[in-house]
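Listed here are the chains, written in short residue letters.
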Amino acid sequence: MRRVRVSVTADHPADTVVVMTRRARAEDIDTICTGLPEVELGTSWGDRPTYKVRGKGFLLFRAPHHTAVDPETGEMYDDLVVIRVPTEADKRALVEDERLPFFTIDHFRSFNAVLVQQSRLGEIDRDELAEVITEAWATMAPKPLARKFFGDV
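Residues numbered from 1 in each chain as written. Predicted model: local features only at pLDDT ≥ 70, side-chain atom pairs only at ≥ 80, totals over all residues. Heavy atoms only, no water.

Peer 1: Account for the overall build of the chain, with residues named and values stated.
Peer 2: Regarding its fold elements, the chain presents four helices and seven strands. Seen in sequence order, the chain has helices and strands lined up from the N terminus as β-β-α-β-β-β-β-α-β-α-α. Put simply, the chain has 153 residues, and 37% of those count as buried. Put simply, of all contacts in the chain between residues at least 6 apart along the chain, 47% involve residues at least 24 apart. About 9100 Å² of surface is accessible on the chain, with carbon and sulfur atoms providing 51% of the total. (Helix = DSSP H or I, 4+ residues; strand = E, 2+ residues; numbered from the N terminus. Buried < 20%, exposed > 50% of the residue type's maximum accessible area, 1.4 Å probe, protein only. Contact = heavy atoms within 4.5 Å. Areas by Shrake-Rupley, 256 points an atom, 1.4 Å probe, with all protein chains shown as cover.)

Now the structure itself:
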């Protein structure tokens with residue numbers, strides 16, 4: 001559930017409206033990605049499943065690796081998703097927002113991408129996940145294709 005402040009008319013002050021959206025789930029990743037234009041599921045980084053637009057990856061399922069460990073248990077994460085972001089500022093905004101499960105690691109210090117555990121996707125709304133994934137797609141899609149998708153042609 002998300003609370004949104006809206007103004008019904010210019011003469012009335014903003015009121016709080018409750019917008020019902022469901023929590024994100026791991027299976028939403030495929031539905032969202034394949035719902036975007038010209039997306040295919042391929043591989044990158046050797047054998048890692050990766051969603052691509054015209055051959056350019058925008059979302060990757062990362063293999064467990066010693067560079068990404070749970071700070072509480074010391075165990076390697078085994079359910080990480082890497083999602084491209086447009087800019088370093090976008091990356092910081094997602095990582096620094098304490099209500100969101102996105103994070104980064106030193107290995108991705110100079111790479112515009114965020115990480116999220118599939119097991120923590122339920123901490124955000126499906127719509128929020130769709131927005132982040134759509135931005136990732138638009139970051140890697142050819143500009144004319146992205147403009148057409150967003151109706152900017």
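Peer 1: Provide a residue-level description of the nonpolar core, including the pertinent values.
Peer 2: Ranked by size, the top nonpolar core spans 32 residues in total, and within it Ile29, Phe58, Leu59, Ile83, Phe102, Ile133 and Trp137 carry the most contacts. Mapped by element, the contributors of at least two residues to this core are helix H1 (28-34), strand S4 (48-53), strand S5 (56-62), strand S6 (80-84), strand S7 (113-117), helix H3 (126-140) and helix H4 (143-149). The element best represented in this core is H3, accounting for eight residues. Contacts of Ile29, omitting those with residues within four sequence positions, involve Tyr51, Leu59, Phe61, Val81, Gln118, Leu121, Leu129 and Ile133. (Core = buried A, V, L, I, M, F, W, Y, C linked by side-chain atoms within 4.5 Å.)

Peer 1: Before we move on, could you go through the packing of aromatic side chains and cite the residues and values that matter?
Peer 2: Tallied over the entire structure, the rule returns seven aromatic pairs. Ring geometry for Phe108 and Phe111: centres 5.9 Å apart, planes at 50°, overall tilted. For Phe108, a relative accessible area of 2% puts it in the buried group. Ring pairs connect the aromatic residues Trp45, Phe108 and Phe111, which therefore count as one cluster. (Phe/Tyr/Trp six-rings, centres within 6.5 Å; stacked < 30°, edge-to-face > 60°.)

Peer 1: Which residues make up the sheet that holds S5, and what values go with them?
Peer 2: One open sheet accounts for five strands, arranged S3-S4-S5-S6-S7; its pairing is antiparallel. Two strands close off the open sheet at either side, each with one partner strand: strand S3 (39-44) and S7. Taken pair by pair, the neighbouring strands of this sheet meet at an average axis angle of 25°, ignoring direction. Against the sheet, H3 touches S3, S4, S5 and S6, its axis set at about 135° to S5. (Pairing = 2+ DSSP bridges. Axes fitted to C-alpha atoms, helices over the stretch in contact; angles between N-to-C directions.)

Peer 1: Explain unusual backbone geometry to me, using residue names and the numbers behind them.
Peer 2: Positive phi is not limited to glycine here, since Glu38 has a value of about 60°. By relative accessible area, which is 43% here, Glu38 ends up partly exposed. Within the chain, Arg54 stands out as a residue other than glycine whose phi angle is a positive 45°. With respect to the helices and strands, the residue Arg54 is situated in the loop between S4 and S5.

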